[in-house]
Amino acid sequence: MALVVPGVRPVKRRAVRRWGTFTPLILLAPAMLWLTVFFVVPTFSLASQSLQTGDIDNGFVLTWHFQTYAEALGRYWPQFLRSLIYAGSATVITLLVGYPLAWFIAHRSGRFKTMLLVLVIAPFFTNFLIRTLAWQIILTDTGPVTGFFRATGLIHVLQWLGLVTSDALLYSPFAVISGLAYNFLPFMVLPLYTSLERLDLRYLDAAGDLYANGWNTFWKVIWPLSLPGVVSGTLLTFIPAAGDYINSKLLGNTQTVMIGQVIDAQFLRVLDYPTAAALSFILMATIIVMVGLYVRAAGTEELV
Amino acid sequence: MVEGATRKATGELRLVELFREYDDFVAVNGIDLDVPPGSFFALLGPSGCGKTTTLRMIAGLEEPTSGRIFLGTDDITNTRAHQRRVNTVFQSYALFPHLNIIDNVGFGLRQLKVANWKTKAMEALELVKLADRAKQKPRQLSGGMQQRVALARAIVNEPEILLLDEPLGALDLKLRREMQIELKRIQQEVGITFIHVTHDQEEAMTMADTVAVMRAGRIEQLGEPAALYDKPATAFVANFLGQSNLLPIEVTAVAGDRTTVASHGTSLVVESGAIPTEAPDGLRLGIRPEKLRLVSANDSVWTNKLSGEVTDASFNGVSTTYLVRMPWGQELTVTQPNDGTARATLGEQVTIAWDPHHAFVIGAD
Ligand SMILES: Nc1ncnc2c1ncn2[C@@H]1O[C@H](COP(=O)(O)OP(=O)(O)OP(=O)(O)O)[C@@H](O)[C@H]1O
Ligand SMILES: [Mg+2]
């Protein structure tokens, strides 16, 4: 900046610099507008809704009725807890299935890489509802999957785990978790793939050279270097899965109701808007807190 | 590291008939090699001649297509990398980016379950003068520092053999020279066998006890640096290790340890012992530029003399390098040390001479 460019007056230079400070704001504007219209405004209206009393015929008025929160939580905490457990289980399953898959696509698939990546996102070409309905057919009582579980006795393992209650797979916690895991698998695989694809395989050579066996190479080198992918993958899976209501509705029973389903019912059928809004807020707050703790524990800012 | 200074050198390496093929390409084409324990061994060769592949096979990171690898008396061919008491300083360093320097250096020791790994790692860092950087991440260090960390990380495990794959390749000339001296010092201190891969002939010669020149997957010649330089066996080795003037010759008479040869009609004398016995055709006489002298035209002391015209002269302070054109058109390179003798000028007719003892003879390729 100490350099004086002949023929350029200082005034002009200052003008250029001021334009420079505003540029980021201008670039941010569309996103800010979007967030304001579609996130901030609805959030406030939802917040206000959750503190109103009344009914659909006589209208709702804002009475700062915080009691709704306590009542909602008192009544629906089992569905809350269940949502977190189901979403957590589905996340673990997608991680266990997705990690080897992502590794294979990133480093072992050769010229089939693009094709496999397309296959991973292929389910998105079908509607979410249709995909979930397909699982009704997959897990149907007379189908081969149920047959297999019965023939091998795995059904008893599931019963013992409390994942099914009868000898049917459909309409059980097992079906709901399977559906969730299936539907959100791509959200896990894609970030993992990105992380693992970037991983320099020479670190693996170095680990082997430094006396690490296969397991230690994975645990001390590959896993920590892929943590950014693991964190984004688990968040992208867990957050929507916790609020999901399609899987529990189509694949579950009355004992597998998740909080999304309750909110759905309160909003659209019971028409108890304050309770629905309060439940939405509790869900959001819970997830934000959990994500915050999780990201801090994973220590992603320490990573490259 | 401290006890390393006194510990007995054990790293004896033997490669037997080692081959490595990729699809239809032979990267390593039958290498037989004995590396004595405690030596500083250099593998020298042009790009793509199979140096890295050879090193990776020794480290256990690549499987040989055929052949055997012995460490001392143990056949280690079928063991995995993590089971070999061998460590590598990689060309790219390959420091783990998520670990700080001390954890990088201690990585191998922890895998080996060494209890006082932290103390040892610190000692290794002191050896490479980076103890104050222990808590930093690799990306916070300069290239030369990272290189030293890579060295510490390998050497701290006290392997039987240390493999160095062009570890100085990324450094600037000054740092390179410093690190060469440093490496040599460390090798003498710890007594580990070093196998140092490089394509810098000067680096190989200054550092190593033994140099093997590789070409297209084979070892072309092996020996002490001075022997290799003074008596190269092939034109490839002669040209890879510095410059040389090659003259085609034919043997005309053998008299005891003196053999008379003819080159372009000029009679010259070479030592009989220098003539290869197995390749009598297409012989060439080689003389290094610094072995040639400018002498007066009517000199009678020197036995081997040639005359020509100076077509180029470049002075660099230490010496002057001339190109002297022979009557048959070939230009010979002559280096004259700046020792006060008279310098020739461009276009001048000069006589150059050499001692038969200083020439070498190579067969056809
Ligand atoms: N994985 C591989 N697949 C196919 N060919 C390979 C592979 N690795 C090495 N090669 C070939 O083997 C030959 C020797 O490679 P290598 O890496 O050993 O060379 P180098 O002597 O170390 O060369 P440089 O000095 O450039 O590092 C090269 O021609 C290379 O193309
Ligand atoms: Mg190489």
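Each value, and the rule that gives it
Residues numbered from 1 in each chain as written. Chains lettered and ligands numbered in written order. Predicted model: local features only at pLDDT ≥ 70, side-chain atom pairs only at ≥ 80, totals over all residues. Heavy atoms only, no water. Near = heavy atom within 4 Å. Polar contact = N/O pair within 3.5 Å; in protein donor to acceptor, adjacent residues only side chain to side chain. Areas by Shrake-Rupley, 256 points an atom, 1.4 Å probe, with all protein chains shown as cover. Helix = DSSP H or I, 4+ residues; strand = E, 2+ residues; numbered from the N terminus. Nonpolar A, V, L, I, M, F, W, Y, C, P; charged D, E, K, R; others polar. Contact = heavy atoms within 4.5 Å. Buried area = accessible area lost by both parts, 1.4 Å probe. Salt bridge = Lys/Arg side-chain N within 4 Å of Asp/Glu carboxyl O. Core = buried A, V, L, I, M, F, W, Y, C linked by side-chain atoms within 4.5 Å. Buried < 20%, exposed > 50% of the residue type's maximum accessible area, 1.4 Å probe, protein only. Pairing = 2+ DSSP bridges. Axes fitted to C-alpha atoms, helices over the stretch in contact; angles between N-to-C directions. Domains from an automatic or database assignment. pLDDT = per-residue confidence, 0-100. Parallel < 35°, antiparallel > 145°, perpendicular 65-115°, else oblique. Left-handed = near helix turned anticlockwise from the far one by under 90°. 1 Å grid on protein atoms, 1.4 Å probe; cavity = no way out; pocket = protein on both sides within 12 Å on 5 of 7 lines; lining within 4 Å. Points joined across faces, edges and corners; volume = space filled by probe spheres on them. Lys, Arg positive; Asp, Glu negative; His and termini not counted.

Residues and elements named next belong to chain B. Close contacts around ligand 1 come from Tyr22, Phe25, Ala27, Ser47, Gly48, Cys49, Gly50, Lys51, Thr52, Thr53, Glu166 and His199, and that covers them all. Side-chain polar atom of threonine 53 to an oxygen atom of ligand 1: 2.5 Å apart, as the coordinates give it. Burial of ligand 1 by the protein amounts to 62% of the accessible area it has alone, namely 630 Å². The element that contributes the greatest number of residues to the shell around ligand 1 is helix H1 (residues 51–59), accounting for three residues. For the shell around ligand 1, the per-class residue count stands at four nonpolar, six polar and two charged.

A common measure of how large an interface is: the accessible area buried when the components associate. Listed by partner, the interface residues are 26 residues for chain B and 18 residues for chain A. Across the chain B/chain A interface, buried area totals approximately 2,000 Å², and carbon plus sulfur atoms make up 61% of it. Area buried by chain B at its contact with chain A is led by B:His82, B:His98 and B:Gln111, which between them contribute 30% of it. Remark: the boundary between chain B and chain A carries one salt bridge. Between A:Asp205 and B:Arg56 there is a salt bridge, and its shortest N-O distance comes to 2.8 Å. Taken together, the connections running from chain B to chain A amount to seven residue pairs in polar contact (both at pLDDT 80 or more). Every element with two or more residues in the side of chain B that touches chain A is listed here: H1, strand E6 (86–89) and helix H2 (101–111) of chain B. Split by residue class, the side of chain B that touches chain A holds 12 nonpolar, eight polar and six charged.

Residues B:Leu13, B:Leu15, B:Phe96, B:Phe107, B:Leu163 and B:Ile195 are the most contacted members of the largest nonpolar core, which totals 55 residues. Residue contributions to this core peak at six residues, all from helix H2 (residues 67–107) of chain A. The residues touching B:Leu15, leaving out its near neighbours within four places in the chain, are B:Ile31, B:Asp32, B:Leu33, B:Thr54, B:Ile58, B:Arg68 and B:Ile69. Judged by nonpolar contacts, the second largest core, of 48 residues, contains B:Leu141, B:Met145, B:Ala154 and B:Val190.

In the case of a regular strand, side chains alternate between the two sheet surfaces. All names here are of chain B. Pairing between strand E17 (residues 304–315) and strand E20 (residues 349–354): six bridges, direction antiparallel. Across the sheet, residue glutamate 309 finds its bridge partner in E20, namely glutamine 349. Note that E17 and strand E18 (residues 319–325) share six bridges and pair antiparallel. The partner of valine 310 across the bridge, within E18, is valine 324. Counted between consecutive antiparallel strands, the loop separating E17 from E18 contains three residues, among which glycine 317 sits at a positive phi close to 100°.

Residues and elements named next belong to chain B. On the basis of which strands lie adjacent, the open sheet formed by five strands has the order E16-E20-E17-E18-E19 and antiparallel pairing. The sheet is open, and its two borders are formed by strand E16 (293–295) and strand E19 (331–337), each paired with just one other strand. Ignoring which end each strand starts from, the neighbouring axes of this sheet average 50° apart.

All names here are of chain B. Per the domain assignment, the segments making up chain B are domain 1 (3–235) and domain 2 (243–363). Centre-to-centre separation of domain 1 and domain 2, based on C-alpha positions: 39 Å. Listed per partner, the contact involves eight residues of domain 1 and 10 residues of domain 2. Summed over both partners, the interface of domain 1 with domain 2 buries about 670 Å², with 46% contributed by carbon and sulfur atoms. When the area that domain 1 buries against domain 2 is broken down by residue, the three leading residues are Tyr229, Lys231 and Ala235, summing to 63%. Run the count over domain 1 and domain 2 and you get one salt bridge. A salt bridge links lysine 291 to aspartate 230; its shortest N-O distance comes to 3.2 Å.

What follows covers the confidence of the model for chain A. Residues and elements named next belong to chain A. Across chain A, the average pLDDT comes to 89, with 92% of residues at or above 70. Ranking the helices and strands of chain A by mean pLDDT puts helix H7 (residues 173–198) first, with 96, and helix H1 (residues 10–50) last, with 80. Across residues 1–12 the pLDDT falls below 50, and counting only partners more than four positions away or on other chains, this stretch makes four contacts in the model.

Turning our attention to the packing of helix H4 (residues 143–155) of chain B against helix H5 (residues 173–190) of chain B. Residues and elements named next belong to chain B. Here H4 crosses H5 at 15°, and the two axes come no closer than 12 Å. In terms of their interaxial angle, H4 and H5 are classed as roughly parallel. As for the relative orientation of H4 and H5, their crossing is right-handed in sense. Mapping the contact onto sequence places Gly144, Gln147, Arg148, Leu151 and Ile155 in H4 and Leu175, Met179, Leu183, Ile186 and Val190 in H5. A breakdown of the residues in the contact of H4 with H5 according to their chemical character gives seven nonpolar, two polar and one charged.

Residue and element names in this part refer to chain A. Helix H12 (residues 273–298) packs onto H2 with a crossing angle of 55° between their chain directions and a minimal axis gap of 10 Å. One way to sum up the angle between H2 and H12 is to call them oblique. Read as a crossing pair, H2 and H12 show a hand that is right-handed. Together, Thr68, Tyr69, Ala72, Leu73, Tyr76, Phe80 and Leu84 of H2 and Pro274, Thr275, Ala278, Leu279, Phe281, Ile282, Leu283, Thr286 and Met290 of H12 make up the contact between the two elements. Looking at the contact of H2 with H12 residue by residue, the classes come out as 13 nonpolar, three polar and no charged.

Further remarks concern the layout of surface pockets. If a probe the size of a water molecule is rolled over the atoms, the empty space left behind becomes visible. For the largest pocket, the calculated volume is near 510 Å³. Lining of the largest pocket is provided by 25 residues; of these, A:Asp205, B:Gly60, B:Leu61, B:Arg80 and B:Ala81 occupy positions nearest its centre. Contributions of two or more residues to the lining of the largest pocket are made by H2, helix H8 (202–209) and helix H9 (214–243) of chain A. In terms of residues, the lining of the largest pocket owes the most to one element, H9(A), which gives four residues. Tallied by class, residues from the lining of the largest pocket come to 10 nonpolar, nine polar and six charged.

Moving on, we get to the sheet that holds strand E14 (residues 266–271) of chain B. Remark on secondary structure: sheet strands pair via backbone hydrogen bonds, oriented parallel or antiparallel. All names here are of chain B. Taking strand neighbours across the sheet as the criterion, the three strands line up as E12-E13-E14 in an open arrangement whose pairing is antiparallel. What marks the edges here is a single partner per strand, and that holds for strand E12 (250–255) and E14. For this sheet, the mean angle separating the axes of adjacent strands, direction not counted, is 30°. Note that strand E13 (residues 258–263) and E14 share six bridges and pair antiparallel. Opposite arginine 258, over in E14, you have glutamate 271 as the bridge partner.

Turning our eyes to something else, we now look at the environment of B:Gly106. Residue and element names in this part refer to chain B. Relative to the elements of secondary structure, glycine 106 occurs in helix H2. A relative accessible area of 0% places glycine 106 in the buried class. Taking C-alpha positions, glycine 106 is 8.6 Å from asparagine 157, a pair spaced 51 residues apart along the chain. Not counting residues up to four positions away in its chain, the partners in contact with glycine 106 are Trp117 and Ala121.

Here the focus is the side chain of B:Arg153. In this structure, B:Arg153 sits in helix H4. Within the buried set, B:Arg153 has no salt-bridge partner at all; the shortest N-O distance to an opposite charge, 6.6 Å, is to A:Asp209. A polar atom in the side chain of B:Arg153 sits 3.0 Å from the backbone oxygen of B:Ala94. Apart from the residues lying within four places of it in its own chain, the contact partners of B:Arg153 are A:Ala206, A:Leu210, B:Phe90, B:Tyr93, B:Ala94, B:Leu95, B:Phe96, B:Asn104 and B:Val105.

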